[in-house]
Amino acid sequence: MTRFAPKLITCLREGYDAKRFLKDLTSGVTVGIIALPLAMAFGIASLPESVVQELKAINPALTPPAIGLFTAIVAGFIISALGGSRVQIGGPTGAFIVIVYRIAAEHGYAGLATATGMAGIILIVMGLAGFGRLIKFIPYPVTTGFTTGIAVVIATTQIKDLFGLRPIDEVGNPVPMPPDFIPKLQVLAGAWDTYTLPTAIVGLASVIVLFTMRKLVPRVPGAIIVAAASAAIVYFFHIPTETIATRFGGIPRSMPFVNTHGFSLGLALDLIPEATTIAILCAIESLLSAVVADGMTGYHHRSDTELVAQGAANVAVSFLWGIPATGAIARTVANIRSGATSPVSGMVHAVTLLVILLVAGPLAKEIPLAALSAILMVVAWNMAELDHFRSILKSPRSDVVVLLTTFGLTVLTDLTIAVMVGMVLASFLFMRRMSDLTGVGALGIAENGTGESAPDTPQLPPRCEAYEVYGPLFFGTADRVKDTLAGMEKPPLVFILRMRHVLCIDATGLHAIEELHRKCKRGGTTLVLSGVHSQPVMAIAKSGLDQVIGLENMCGSIDEAIKRARAIVQAAGA
């Protein structure tokens, strides 16, 4: 099926020649070099010390920077080979750091791998079910709230390595960084006097260089420049600061063995909410990246294909000692600007990282941790999107409530809770808005809202009342229809319900009309529906309500409804 055909096949069928391959080769190598320090930094930031020791006991080669590289290599290749975007670059991203760190801290690496694999399966199901087009319905305040919240949490996790802090307890034992935001700040505040001056200089200088390069030479990959330059300076001038080698022992020069460590059904059941959050976050991030790529290239991605590819990549990395992966916006943009023409560029990016792992591992291990923390600080700043955050603060109050709630819960509690609460809150507020736009009023008054009948209000027969519904008739507004007869002193002989402005109706709306019909019947009143649109007509017919009301009482226009009312009045001798 075309909907699930990878873009790689499409590009090859278009006629893939040596000229296009040369462009993809150049861009892929460029992005692979850019991705190197980012992948290692994301791996280091995502795993707490307890998991680092757990992995070291399994195999000393399973270091956090290596796990970041494994993820970028495996996921990057699969996402490009199977994905629905021509130029998407996949790998670990900053958006996952918060939830990955928490899952790993609470359930160990086995829990993290289990949640990652489950998220991959969920993504595959979402893609096959056609959910790719539904991701756009997630409210913007929700995505901005949790993205800015993630950025704040990432920044706090990097303070320790950026300044070389060494938190210790009363007896001098090292204090691990807690996953929760407030306790983390307390630990950092208590350890502030343990900062290391050389480390702080390396870290702050790296931040300054990154921001300066971003302003003056935005096309130059600042991350790789800072990583290489800081490594050279620290190595040749013997600056006493922690590097990848001194903390983790370096980077392995081979790909890992297959992971079957600790998978269990019980663990999988416990991690369903976390796996769902990873899947939703992956879907949002990857499809947003694909949309950005479409805007820059003029092509269109296949959203469902992209979800299936993201799912396959996350299932794969769960068995190859990785962390969750998705489409990376910054690396995708760099890929496009470097001249990429097809998914081959993303596959070359993954192969480039593999070659670096196999050949240049000893050089990469000299990168100081303060420089990697500086890189993540800049990543967090970019993720925060403060301009967008401030603009939503000027939006309607309901959007501000959703934004601040999602942001606060992301920072103070858990991303899983934040996404769920944000979505539910946004849904409730949306339903309230729809409810405010829906009303029921006497014919001619409801539409102009003046309290006086409109000039073209038709004349009704005696003992006949007509009311009009405007707006969707759903569970948030259905009670207004049921209560329309309540204010009448004497039940009319005919009650016309005009529905020309009701474009959609749900089960609760149908129940409300059925209840109204019962009230009318008890009072000797005939209910006549007027101007029913196609969706409500189909829903009424499918439920059998048209037979209950009577087909003769289902009128296409208000004139037909009044004609029907006159016939009922005449038959009753009124």
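Right, let's walk through the structure included here. All chains use their own residue numbering, which begins from 1 and follows the written sequence. Reporting of local features is limited, given that this is a predicted model, to residues whose pLDDT is at least 70; pairs of side-chain atoms are given and counted only at 80 or more, and all residues count toward the totals for whole chains, interfaces and linings. Note that water and hydrogens are dropped before the side-chain values are worked out from all heavy atoms of the structure.

Attention now moves to the overall build of the protein chain. A run of H or I in DSSP counts as a helix once it spans at least four residues, and a run of E counts as a strand once it spans at least two, with each numbered from the N terminus. Along its length, the protein chain carries 26 helices and seven strands. Oriented by its inertia axes, the alpha-carbon framework of the protein chain measures out at about 105 × 65 × 50 Å. Remark: exposure states derive from per-residue accessible area (1.4 Å probe, protein chains only) relative to the maximum for the residue type, with buried under 20%, exposed over 50%, and partly exposed in between. The buried share of the protein chain, taken over its 574 residues, is 54%. Within the protein chain, residue pairs in contact and separated by at least 24 positions form 85% of the contacts whose partners lie at least 6 positions apart. Only the protein chains shown count as cover for residues, and the accessible areas themselves come from Shrake-Rupley with a 1.4 Å probe. Of the roughly 25300 Å² that the protein chain leaves accessible, carbon and sulfur atoms contribute 64%. The charged-residue count follows a simple rule in which Lys and Arg add positive charge and Asp and Glu add negative charge, with His and chain termini not counted at all. In this description, the location of a charge corresponds to atom NZ of lysine, CZ of arginine, CG of aspartate or CD of glutamate. Seen as two clouds, the 42 positive and the 39 negative side-chain charges of the protein chain have centres 6 Å apart. Any two residues whose heavy atoms approach within 4.5 Å are treated as being in contact.

Let us look at the packing of aromatic side chains. Each aromatic ring pair is summarised here by two numbers: the centre-to-centre distance and the angle between the ring planes. Each pair of aromatic rings taken from Phe, Tyr and Trp, with Trp reduced to its six-membered ring, is defined by centres within 6.5 Å and is described as stacked if the planes are under 30 degrees apart, edge-to-face if over 60, and tilted in the remaining cases. The final tally for this structure, using the stated rule, is seven aromatic pairs. With 6.1 Å between their ring centres and 85° between their planes, Phe211 and Trp381 make a pair best called edge-to-face. Note that Phe211 is positioned in helix H8 (residues 197-216) and Trp381 in helix H17 (residues 369-384), a separation of 170 residues in sequence. Plain terms: the ring middles of Tyr467 and Phe495 are 5.6 Å apart, the flat faces sit at 25° to each other, and that makes the pair stacked.

Moving on, we get to a nonpolar patch on the surface. On the surface, a cluster of nonpolar side chains totalling about 390 Å² of accessible area is made up of Phe21, Leu22, Leu25, Val29 and Ile33. Secondary-structure assignment places Phe21 in helix H2 (residues 18-46). Any residue with relative accessible area above 30% and no salt bridge may belong to a patch, with like charges joined within 9 Å and the nonpolar Val, Leu, Ile, Met, Phe, Trp and Tyr side chains within 5 Å. Salt bridges are counted wherever a side-chain nitrogen of Lys or Arg sits within 4 Å of a carboxyl oxygen of Asp or Glu.

Let us now look at the environment of Val419. With respect to the secondary-structure elements, Val419 resides in helix H20 (residues 415-437). For Val419 and Ser391, which are 28 residues apart along the polypeptide, the C-alpha to C-alpha distance reads 20 Å. Apart from residues lying up to four places away in sequence, Val419 is in contact with Phe146 and Thr277.

Moving on: the pattern of salt bridges. This model, assessed by the stated rule, comprises twelve salt bridges. The salt bridge involving Glu242 is made with Arg247; its shortest N-O contact spans 2.6 Å. We classify Glu242 as partly exposed; its relative accessible area is 23%. Where Arg518 meets Glu514, a salt bridge forms, and the shortest distance between an N and an O atom there is 3.1 Å. With Arg518 and Glu514 both in helix H23 (residues 507-522), this residue pair falls four residues apart, about one helical turn. Taking relative accessible area as the criterion, Arg518 reaches 40% and is therefore assigned partly exposed. By relative accessible area, Glu514 is classed as partly exposed at 26%. One continuous salt-bridge network, built from bridges that share partners, spans Lys160, Asp161, Arg166, Glu242 and Arg247.

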